[in-house]
Amino acid sequence: QQGPTVHPVSVAMGQFSKLGLGIISCLGVSLLALNIFFWYRYVAATQLWGRLEDGSCELKNPKAYTPGWKFGWSFPVTGPSWTDVPCSVQLHASSHDSEMVGEATLHFTYWQGLVWEYLKD
């Protein structure tokens, strides 16, 4: 007489706790969601880039600007570091068939050294 039949899958599942499987599942779903988000940003930026026109811009008042929050970026361990500073300015932009006057946000990027400079705009 043979004993009860045990499926190999149920044996393998019995070796892992439900909490561990839940954590692994959450990590997998999170990585998939992050991947979808970055692909969405890539496609959106590619479409936006394709609609750009050649033109020229002129700052209406170069001394009148409103800096935004500074964001620091760096690659881990040995990569470069930089700071992104968004600034709201009054801008006059024109191309061969259109013109725009109004407020725009310019992003200024500057490289950082070993010691970051946060005091200046």
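This one's a predicted model, so the numbers in the text were calculated from it and none came from an experiment.

Definitions and limits used
- Residues numbered from 1 in each chain as written.
- Predicted model: local features only at pLDDT ≥ 70, side-chain atom pairs only at ≥ 80, totals over all residues.
- Heavy atoms only, no water.
- Helix = DSSP H or I, 4+ residues; strand = E, 2+ residues; numbered from the N terminus.
- Buried < 20%, exposed > 50% of the residue type's maximum accessible area, 1.4 Å probe, protein only.
- Contact = heavy atoms within 4.5 Å.
- Areas by Shrake-Rupley, 256 points an atom, 1.4 Å probe, with all protein chains shown as cover.
- Phe/Tyr/Trp six-rings, centres within 6.5 Å; stacked < 30°, edge-to-face > 60°.
- pLDDT = per-residue confidence, 0-100.
- Pairing = 2+ DSSP bridges.
- Patch = residues over 30% accessible without salt bridge, like charges linked within 9 Å, V, L, I, M, F, W, Y side chains within 5 Å.
- Salt bridge = Lys/Arg side-chain N within 4 Å of Asp/Glu carboxyl O.
- Polar contact = N/O pair within 3.5 Å; in protein donor to acceptor, adjacent residues only side chain to side chain.

Observations concerning the overall build of the protein
Scanning the protein from terminus to terminus reveals two helices and five strands. Considering the protein as a whole, with its 121 residues, one finds that 12% of them fall into the buried category. Pairs at least 24 residues apart make up 48% of the contacts formed inside the protein by residues separated by at least 6 positions. Entry remark: accessible area of the protein is about 10800 Å², with carbon and sulfur atoms responsible for 65%.

Some details on the packing of aromatic side chains
All chains considered together, the criterion is met by three aromatic pairs. Judged by centre distance (5.6 Å) and plane angle (90 degrees), the rings of tryptophan 39 and tyrosine 42 are edge-to-face. Here tryptophan 39 and its partner tyrosine 42 are both found in helix H2 (residues 18-50), three residues apart, which amounts to about one turn of the helix. Exposure class is identical for tryptophan 39 and tyrosine 42. Each is exposed. Ring geometry for tryptophan 82 versus tryptophan 111: centroids 5.8 Å apart, planes at 70 degrees, classification edge-to-face. Of the two residues, tryptophan 82 is situated in strand E4 (residues 81-95) and tryptophan 111 in strand E5 (residues 99-112); the sequence distance between them amounts to 29 residues.

Structural notes on the confidence of the model for the protein
A residue-level look at the protein finds 85% of positions with pLDDT of 70 or above and a mean pLDDT of 82. Confidence, read as mean pLDDT per element, is least for helix H1 (residues 8-14) in the protein (55) and greatest for H2 (92).

Observations concerning the pairing of strand E3 (residues 71-74)
The sheet contact formed by E3 and E4 spans four bridges and is antiparallel. Its bridge partner being in E4, tryptophan 73 is matched across the sheet by tryptophan 82. Remark: six residues form the turn of the hairpin made by E3 and E4, two consecutive strands paired antiparallel; valine 77 in that turn has positive phi of roughly 65 degrees.

Describing a nonpolar patch on the surface
A cluster of nonpolar residues, Leu34, Phe37, Phe38 and Tyr40, forms a patch on the protein surface that exposes about 440 Å² of accessible area. Relative to the helices and strands, tyrosine 40 is located in helix H2. Residue classification places tyrosine 40 among the exposed positions, given a relative accessible area of 58%.

Quick notes on the environment of glutamine 112
Structurally, glutamine 112 can be placed in strand E5. C-alpha of glutamine 112 to C-alpha of proline 80: the two residues are 32 residues apart in sequence and 7.7 Å apart in space. Here threonine 83 takes part through its side chain, which lies 2.5 Å from a polar atom of the side chain of glutamine 112.

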